[in-house]
Amino acid sequence: MKTSNPVLARLGQAAERERAAGYAPSGPYGQPGYPQQVPPQAGYPGAPGFPSAPPAVTPMSIDDVVVKTVTLLAIVGVAAAAAWALVPDMFLGVAWIGAAVVGLVLGLIISFSRMANPALVVAYAVVEGVLVGAVSKFFESLYDGIVLQAVTATFGVFFVMAMLYKARVIRATPKFVKGMIAVMAGLFAVMLINLVLALFGVNTGLRDGSPLAIGFSIVCIVVASLSFVLSFKEVEDGVRMGLPQRYSWVAAFGILVSLIWLYIEMLRLLSYFQGDD
């Protein structure tokens, strides 16, 4: 099964190598793609003195991704609550920037790694939880109730996108995937340049509440919402390709990235309409 997602394609190649080495998904013996069962006779697997065959690997399922996603969200929530309670107001900026940098590094490592590493994904969730906690505390101190509004809007958009994808109203065609990757890369570059310029005191107008900032946040929200389609497609392709169960962590990671990005952009956009009081 081919996929237009380059990261998922590499994971598929890794799964193929595992199956070639004997780590095939478990299931009825004798079917294509499943390990063959032979009697424990002399010279066969299972016979005395013969090395044990590699254990069968359970393929990932949609339920696995759901469980992993909920687990990661719970970790983010706990870390965010801890950051909110423990980080003093004067250090919110330091925690915000530090968590963003560490999260970026971990995210790149996970995205371009050839192996699924649950420990790295969990570490990413913890770091992003600190980021979410610091950002949320900052905005809530300025605008009472904005965090609840942003959380409600974020999950509302997520469920709407899930229903649209399930109904096949939005499809992850090859052109759509390529276009989304190009747009997200462009937005990432713009945000990174804007951050660097802001550190040197240069205001580009993208984050100051101006009409340009409002328009930029809306664009980011739309792209972040559409990025869920890429994650849903990744899950479907992973299940079809028979990726091992541990790769459900990678799929859950993709959903988590989009949720956090969407949430932060929702906070920004809502803050622009809160007024000065």
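Residues numbered from 1 in each chain as written. Predicted model: local features only at pLDDT ≥ 70, side-chain atom pairs only at ≥ 80, totals over all residues. Heavy atoms only, no water.

Where an unreviewed UniProt entry is consulted, the chain appears under the name Bax inhibitor-1/YccA family protein, with the organism given as Verrucosispora sioxanthis.

Caption draft 1: How the structure looks around the overall build of the chain. If you tally the helices and strands in the chain, you get eight helices and zero strands. Element order for the chain, N to C, with α for helix and β for strand: α-α-α-α-α-α-α-α. Put simply, 81% of the contacts in the chain that link residues at least 6 apart link residues at least 24 apart. In the form shown here, the chain has an accessible surface area of approximately 14700 Å², with 70% of it arising from carbon and sulfur atoms. (Helix = DSSP H or I, 4+ residues; strand = E, 2+ residues; numbered from the N terminus. Contact = heavy atoms within 4.5 Å. Areas by Shrake-Rupley, 256 points an atom, 1.4 Å probe, with all protein chains shown as cover.)

Caption draft 2: Molecular detail of the UniProt feature "transmembrane region" (unreviewed entry) in the chain. UniProt annotation of "transmembrane region" (unreviewed entry) refers to residues 65–87, 93–112, 119–139, 145–165, 177–200, 212–235 and 247–264 when read in the numbering used here. With 96% helix and 0% strand, residues 65–87 has end C-alpha atoms that lie 32 Å from one another. Measuring from the first to the last C-alpha atom of residues 93–112 gives 29 Å, for a span that is 100% helix and 0% strand. (UniProt positions renumbered as here; feature names shortened; annotations may be inferred.)

Caption draft 3: Main features of helix α5 (residues 146–166). Compared with an ideal rise of 1.5 Å per residue, which puts 21 residues at 30 Å, α5 spans 30 Å between its outermost C-alpha atoms and is within 8% of the ideal. For α5, every residue scored as buried is listed here: Ile 146, Val 147, Ala 150, Thr 154, Val 157, Phe 158, Met 161 and Tyr 165. One side of α5 holds all its buried residues, which, seen down the axis, span an arc of 105°. For α5, the exposed residues set more than 90 degrees away from the buried face come down to Leu 148, Thr 152, Phe 159, Met 163 and Lys 166. At the C-terminal side of α5, Arg 168 shows a positive phi close to 65°. (Expected span 1.5 Å × (residues − 1). Buried < 20%, exposed > 50% of the residue type's maximum accessible area, 1.4 Å probe, protein only. Arc of directions from axis to C-beta.)

Caption draft 4: Broad picture of the pattern of salt bridges. Tallied over the entire structure, the rule returns six salt bridges. With its nearest N and O atoms 2.8 Å apart, the salt bridge here joins Arg 207 to Glu 265. Of this pair, Arg 207 sits in the loop between α6 (174–199) and α7 (211–241) while Glu 265 is found in helix α8 (residues 248–272), placing the two residues 58 residues apart along the sequence. A salt bridge links Glu 236 to Arg 240; its shortest N-O distance comes to 3.7 Å. Within this pair, Glu 236 and its partner Arg 240 are both found in helix α7, separated by four residues, close to a single helical turn. (Salt bridge = Lys/Arg side-chain N within 4 Å of Asp/Glu carboxyl O.)

Caption draft 5: Structural detail: the packing of aromatic side chains. According to the stated counting rule, one finds nine aromatic pairs in the structure shown. With a centroid separation of 5.4 Å and an interplanar angle of 85°, the aromatic rings of Phe 138 and Phe 139 are classed as edge-to-face. With a relative accessible area of 5%, Phe 139 lands in the buried category. With a centroid separation of 6.3 Å and 20° between ring planes, the pair formed by Phe 228 and Phe 232 is classed as stacked. With Phe 228 and Phe 232 both in helix α7 and four residues apart, the pair spans about one turn of that helix. (Phe/Tyr/Trp six-rings, centres within 6.5 Å; stacked < 30°, edge-to-face > 60°.)

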